[in-house]
Amino acid sequence: MTATQTELQLDTWIGQARRGTRRRPAKRREAEPGLRFAFYGRTSTERFQDRWTSQGWQREVAAELVSGHGRIVREFFDVGVSRRVPWQDRPKAAELLELISGPDCPFDAIVVGEYERVFFADQINELLPWLDERGVQVWLPEAAGAVEMGSPTHQALMTVLGAQAQREVVRARHRVLAAMRVQAAVQGRYMGGRPPYGYRLADAGPHPNRAHARWGRRLHQLEPDPATAAVVRWIFAVRRAGWSIAAIARQLNERRIPCPSRVDRARNPHRSGEGWTVRTIASILENPRYTGRQAWNRQRTDHDPHSVSSRSWNDHSDWIISDDQVHPPLVSEADFVAVQAVRATRATADGAFRRYRLSGLLICGLCGRRMEAHWANQRPGYRCRHGHTSARARTPDQPRNLYIREDRLLDILSARLNLTDHEKISPYLKARTITIVCDPDGVHNRPAESTKPGP
């Protein structure tokens, strides 16, 4: 048999197979009566996951689960939100809860495509009673339908699923953190984020993972920024010469040198960019990346929900610093170490540790700023300078500083909160997210307002 005859027979066989498997046109199905479902799904990231693929398969599983029981009438899908975030703090989930708490909820049940995609730990156990009061069910593929609150079997299933979701997060986190420690310490790899002031990003070649390299991902490294590197070198030089941090900030502002957030507005949209501050200078002076080494794990990501601070830092012993220099340094290691000694905190006159029980809990009633801890006349207190800092000269129209002694404030709060032990006042306020507003006329409580629905 020739090659031509073989090809003709193969074409004939394919044609017969296609005719034999030709499907009849599907009859158009009428809308299924029954329950009205709201589909909810979630994906962790937007850059490294295909939102539409993830949403598609989750919705397909959910639609198969409710087939014959009703139809999906609304869809809610969160992108770039961790499963550890409570539902009321997820944009789309909060929108869903808002509809449920309204007078006319447009659906009877919530259906999800996979438990671990939308719930974490005991989140579902906190959510179910609130939904049950409003007559809304939760349907899970793992439960083969609606979750029954009074069922011992379903209660055990929810416990197992919650523990499994939590275990998956912990395992993934430990693996990723261990890998990042090695990449930062041994390889000196740039771990992402905003480049420090004085540097800019440069291409460092293809990604070492072949799959990522085929997708076009590339590594980056730091290189001196011609426009700002000289400013960093000057800051370290004058600090080692004995300048105060406030004096450095004032000099830069007077010379109209753009501050970091002004230079890079695209990566700093959350900052005002108005000028240099003491905190900005201090952050530059304590950043070891200016010595040419990579540094990672300086800032914490597991913020305390009751903490009044929006950012927190790990102890210096937890920082991961590369073994070798991996990018051009802006200062020598000797100068960097010398500057750290200059900025070390000076001991108090009596050697005692200064403690402020209400730090971060006080708001100025005149300007709305958070009051800062201030030691005066050998006792702790709090003050507000209404936006004035030592990095700028005071303007004539600024009001006088507001100052209040801590002991007097604790006495007022003790009587108002009926707490005789002053040590319990700060934990009491933080647990209830209560701030104290102070002005020349008195002291006022201001509880945090929450309009988010849900448990």
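For the structure, see preceding data.
In this text, all values refer to a predicted model and were calculated from it rather than measured experimentally.

(A) How the structure looks around the sheet that holds strand β12 (residues 379-384). Reading across from one edge, β11-β12-β13 is the order of the 3 strands in this open sheet, with antiparallel pairing throughout. Of all the strands in the sheet, the pair left with one neighbour each is β11 (372-376) and β13 (402-405). Neighbouring strand axes in the sheet, compared pairwise and without regard to direction, differ in orientation by 35° on average. One ladder, built from 5 bridges, connects β11 with β12; its direction is antiparallel. Its bridge partner being in β12, E372 is matched across the sheet by R383. Set on the sheet, helix α13 (residues 406-417) makes contact with β12 and β13; between it and β13 the angle comes to about 70°.

(B) Summary view of the packing of helix α9 (residues 245-254) against helix α11 (residues 278-285). At a minimum axis separation of 9 Å, α9 and α11 run at an interaxial angle of 110°. As far as their axial angle goes, α11 and α9 are roughly perpendicular. Crossing hand, α9 versus α11: right-handed. Packed against α9, whose contacting residues are I245, A246, I248, A249 and L252, the element α11 presents V278, I281, A282 and L285 at the interface. Here the contact of α9 with α11 is composed, by residue class, of 9 nonpolar, no polar and no charged.

(C) Summary view of the packing of helix α8 (residues 229-240) against α9. At their nearest, the axes of α8 and α9 sit 10 Å apart, and the two run at 145° to each other. For the element pair α8 and α9, the recorded crossing hand is right-handed. In this structure, α8 uses V231, W234, I235, V238 and R239 to contact α9, whose residues at the interface are I245, I248, Q251 and L252. Broken down by class, the residue content of the contact of α8 with α9 amounts to 7 nonpolar, 1 polar and 1 charged.

(D) Representation of the environment of Y197 within the structure. Here Y197 is to be found in the loop between α6 (152-187) and β6 (199-206). For Y197, a relative accessible area of 11% puts it in the buried group. It is 8.3 Å that separates the C-alpha atoms of Y197 and D225, two residues lying 28 residues apart in sequence. Among residues more than four places away in sequence, those in contact with Y197 are T228, V231, V232, I257, P258, P260, V263, W276, I284 and Y290.

(E) Looking closely at the side chain of R383. Along the chain, R383 falls in strand β12. In terms of polar contacts, R383 uses its side chain to reach the side chain of E372, at 2.6 Å. A distance of 3.4 Å separates the side chain of R383 from the side chain of H374, its partner in a polar contact. Look past the residues within four positions of R383 in its chain and what remains in contact with it is M371, E372, H374, L402 and Y403.

Each value, and the rule that gives it
- Residues numbered from 1 in each chain as written.
- Predicted model: local features only at pLDDT ≥ 70, side-chain atom pairs only at ≥ 80, totals over all residues.
- Heavy atoms only, no water.
- Pairing = 2+ DSSP bridges.
- Helix = DSSP H or I, 4+ residues; strand = E, 2+ residues; numbered from the N terminus.
- Axes fitted to C-alpha atoms, helices over the stretch in contact; angles between N-to-C directions.
- Contact = heavy atoms within 4.5 Å.
- Parallel < 35°, antiparallel > 145°, perpendicular 65-115°, else oblique.
- Left-handed = near helix turned anticlockwise from the far one by under 90°.
- Nonpolar A, V, L, I, M, F, W, Y, C, P; charged D, E, K, R; others polar.
- Buried < 20%, exposed > 50% of the residue type's maximum accessible area, 1.4 Å probe, protein only.
- Polar contact = N/O pair within 3.5 Å; in protein donor to acceptor, adjacent residues only side chain to side chain.

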